[in-house]
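A structural walkthrough
Listed below, chain by chain, are the residues.
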Amino acid sequence: MGVRRPDPGPHTPAAEPQVPDPVVHRLGATQDGSAVLLAESEGHVLAFVADEDDAMVRVLDVDEGTQISAVRTGGAPAQLVMLPDGRAVASLRDKGELVVLAGAGRPDSKFRVERRIEVAAEPIGLALSPDDGTLVVASGWGRRVSVFDTKTMTRIAEHEVAREPRAVVVSHDGKRAFVSHAVGNSLDVVELDGKGAKRVVPMAGVEEFLGRGDESGTQSRMGCQGFTLARAESGKIFAPHALVFTGDASEASDGYGGGEGREAEVFHVPVVDEDTGKPLAGTSRLRAGLETHSGRCALPRAAAVGKAGLFVTCLGADSVALFDSDAVNPQDVELRRWAVPSGPVGIALDESRARAVVWSQFAHALTTIAIGDSEAPDGVKPFALSSFALARDVRGNAKLARGRAIFHATDDRRISSDGRACASCHPDGRDDTLVWSSPKGPRQTPMLAGRLEGAAPFGWNGDASDVSLHLVSTVKRLGGSGLDGEDKEALVAYVRSMRSPPSSSPSAKSTAWAHGRELFRSTEAGCSSCHGESGDLPDGDKHDVKSRAAGDTQAKFDTPSLRFVGGSAPYFHDGRYADLKTLLVKSDGKMGHTKHLSPSDLADLTTYLESL
């Protein structure tokens with residue numbers, strides 16, 4: 001933008017004068033990625049929207065409530081940032097690419113894809129350094145953080161991080177990136193120059209609870225749903241997520257976790273000091289006597305911090321909540337809440353006009369929330385809200401849309417008695433890495449997305465012949481009243497349709513992979529005899545592999561599909577094995593024979609399993 005098109009040259013026939021792209025400026029100082037970013041062009045406020053459903057980036061005029069342009073990106077854009085020259089960068093989570101977008105989207109400046117850059121599998125989170133010289137990319141399935149020079153878009157460094165990274169922010173000095181995860185119990189801190197070891201910031205919480213009679217105590221909770229981060233100019237980093245209590249895995253429970261009057265999952269906002277890389281004192285403590293309440297932000301998906309406080313979009317509750325960013329525990333001081341159209345996944349602040357702009361993916365709607373007060377510009381009515389919906393570029397399937405809404409709905413008592421959604425335990429349709437107490441013993445959450453076809457029966461004990469029957473038993477354990485009719489059909493249809501994680505491309509099939517496949521299919525190892533020639537068609541039988549744990553009511557377990565097994569650690573029904581190598585060695589003689597393999601053979605077999 002602001003760069004004149006190439007001169008046709010002195011020997012080229014005369015052409016109409018070329019007009020420079022209208023200058024587009026990023027609105028405000030934020031350099032954190034989001035599904036919606038704000039910009040100004042020729043007096044207009046524009047919203048650049050990452051529309052995953054229609055695989056395009058849209059440019060909307062916020063004040064006129066109209067779309068002025070759109071560009072197909074060739075993949076599903078997850079987040080956007082804007083470079084100083086007005087070009088936008090989008091992460092395409094299903095293609096393993098970044099795209100650089102130029103043009104203002106007006107008739108005299110066509111919006112266009114200027115460049116494509118390959119990155120690790122499933123790029124999602126984006127952030128720029130304060131000087132705009134560095135772009136940081138968090139790749140979910142690839143478990144990588146990539147660092148690029150924005151002038152040349154060349155890779156500076158790459159870091160391996162924990163499972164399912166989702167959001168990233170850069171410290172004020174531009175030296176470190178903080179990375180949150182959809183699952184797990186920590187933030188990762190990486191040095192952007194590629195030097196120095198990764199640091200881990202624990203995100204566990206301690207709940208003070210009231211026991212029976214005069215007894216009281218504490219209980220550690222584990223983190224999940226870390227889809228978003230927000231950095232304040234004060235140096236505080238806010239990390240909205242959920243803290244879960246899974247129950248005692250060695251003891252049977254009535255449902256999944258919880259018990260003793262405690263909520264299984266609670267909303268929490270730990271605050272980290274970016275200079276020390278540590279949570280602020282008191283931020284990991286939860287209040288005593290937690291009570292189930294409707295409207296909680298169980299699935300936080302986007303956040304932004306401004307003068308009014310910390311804004312968080314709450315997927316499932318279809319709301320935006322405003323919290324006191326100065327409080328030690330922001331989640332305990334909710335200042336305001338607004339209902340917005342279904343599926344709020346992005347938020348951006350326009351501080352100069354005292355408003356927030358929200359993108360709701362499920363409804364394909366943009367909402368403007370006036371957050372003015374006595375110091376707001378003239379004519380701004382405090383807390384007013386307006387929305388406009390966009391026509392879909394691709395006609396969606398109404399049944400799948402309904403199923404998606406039900407899957408993410410919190411406080412739907414048909415699903416659970418305590419307000420948990422399907423997505424609470426299956427973020428993005430995957431697994432939460434957790435092992436929950438249940439009536440039949442410890443049960444690890446299984447991955448759903450891309451793993452159901454050919455995998456019947458379902459449940460760790462193989463008790464359900466199809467997904468619909470397994471849904472009935474799961475909802476019963478959660479204390480839900482149950483789904484029936486079209487809603488039940490819609491939910492099952494959506495679960496079956498969920499986007500699979502990216503799989504390895506044929507070019508990635510190395511010699512090590514080929515040897516690993518040979519080992520997997522060998523009679524000696526015996527892997528394929530139960531899991532199928534390619535790991536995706538299990539034998540449908542139950543086996544006693546000597547894995548019965550304390551609390552288990554049965555000794556035989558269903559053979560699971562191995563699709564995407566490389567990204568679903570830990571392993572076994574009780575999560576006893578932290579990684580594939582440990583599983584291959586420790587389970588020897590109980591299922592298959594792999595302990596005897598040489599280190600190189602084990603590495604090759606692991607390579608093959610990780611590609612499934």
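Data block above holds the structure.
These notes cover the structure that comes with them. (Residues numbered from 1 in each chain as written. Predicted model: local features only at pLDDT ≥ 70, side-chain atom pairs only at ≥ 80, totals over all residues. Heavy atoms only, no water.)

1. A word on empty space enclosed by the protein
If you walk through the whole model with that rule in mind, you get two cavities of 30 Å³ or more. Counted as a void, the largest cavity has a volume near 90 Å³. Around the largest cavity, the lining is made up of 15 residues, and of these His181, Ser186, Met203, Gly226 and His241 lie nearest the centre. Across the lining of the largest cavity, the residue classes break down as six nonpolar, nine polar and no charged. For the second largest cavity, the calculated volume is near 40 Å³. Every residue lining the second largest cavity is listed: Gly140, Trp141, Arg143, Arg163, Glu164 and Gly567. When its residues are assigned to classes, the lining of the second largest cavity shows one nonpolar, two polar and three charged. (1 Å grid on protein atoms, 1.4 Å probe; cavity = no way out; pocket = protein on both sides within 12 Å on 5 of 7 lines; lining within 4 Å. Points joined across faces, edges and corners; volume = space filled by probe spheres on them. Nonpolar A, V, L, I, M, F, W, Y, C, P; charged D, E, K, R; others polar.)

2. With respect to the packing of helix 5 (residues 511-521) against helix 8 (residues 599-611)
The contact between helix 5 and helix 8 brings their axes to 7 Å, and the two run at 90 degrees. Judged by the angle between their axes, helix 5 and helix 8 are roughly perpendicular. Together, Ala512, Trp513, His515, Gly516, Arg517, Leu519, Phe520 and Arg521 of helix 5 and Asp601, Asp604, Leu605, Thr607, Tyr608, Leu609 and Ser611 of helix 8 make up the contact between the two elements. Of the residues that constitute the contact of helix 5 with helix 8, the class distribution is seven nonpolar, four polar and four charged. (Axes fitted to C-alpha atoms, helices over the stretch in contact; angles between N-to-C directions. Helix = DSSP H or I, 4+ residues; strand = E, 2+ residues; numbered from the N terminus. Parallel < 35°, antiparallel > 145°, perpendicular 65-115°, else oblique. Contact = heavy atoms within 4.5 Å.)

3. Quick look at the pattern of salt bridges
With the rule as written, the count across this model stands at 40 salt bridges. Residue Arg166 pairs with Glu164 through a salt bridge whose shortest N-O separation is 2.9 Å. For the pair Arg166 and Glu164, one class covers both residues: buried. What emerges from the salt-bridge pattern is a single network uniting Glu52, Arg93, Glu122, Arg163, Glu164, Arg166, Asp428, Arg430, Asp431 and Arg499. (Salt bridge = Lys/Arg side-chain N within 4 Å of Asp/Glu carboxyl O. Buried < 20%, exposed > 50% of the residue type's maximum accessible area, 1.4 Å probe, protein only.)

4. Quick word on the sheet that holds strand 9 (residues 112-118)
Here four strands make up an open sheet; going across it, the order is 6-7-8-9 and the pairing antiparallel. The open sheet is flanked by strand 6 (77-82) and strand 9, the only strands paired with a single partner. Averaged over all neighbouring strand pairs, the angle between strand axes comes to 25 degrees, with direction disregarded. Where strand 7 (residues 88-92) lies against strand 8 (residues 97-102), five bridges are found, and the strand directions are antiparallel. In the sheet register, Ala88 faces strand 8, and the bridge partner there is Leu101. (Pairing = 2+ DSSP bridges.)

5. As for the environment of Trp359
Within the secondary structure, Trp359 sits in strand 32 (residues 355-360). A relative accessible area of 0% places Trp359 in the buried class. Along the sequence, Trp359 and Asp51 sit 308 residues apart, while their C-alpha atoms lie 9.0 Å from each other. Side chain to side chain, Trp359 and Gln361 meet in a polar contact 3.3 Å long. (Polar contact = N/O pair within 3.5 Å; in protein donor to acceptor, adjacent residues only side chain to side chain.)

6. Thoughts on the side chain of Arg404
Examined against the element boundaries, Arg404 turns out to sit in helix 1 (residues 398-408). For Arg404, the residues in contact, after removing those within four places along its chain, are Asp53, Gln361, Phe362 and Tyr494.

7. Some points on the sheet that holds strand 30 (residues 334-339)
By definition, the strands of a sheet pair up through backbone hydrogen bonds, in either a parallel or an antiparallel sense. Strand order in the open sheet made by the four strands is 27-28-29-30, with antiparallel pairing throughout. With partners counted over all chains shown, the strands left at the sheet margins are strand 27 (299-305) and strand 30, one partner each. Taking the axes of each pair of neighbouring strands and ignoring which way they run, one obtains an average angle of 20 degrees across the sheet. Where strand 29 (residues 319-323) meets strand 30, five bridges bridge the pair, whose relative direction is antiparallel. Within the sheet, the bridge partner assigned to Ala321 lies in strand 30 and is Arg337.

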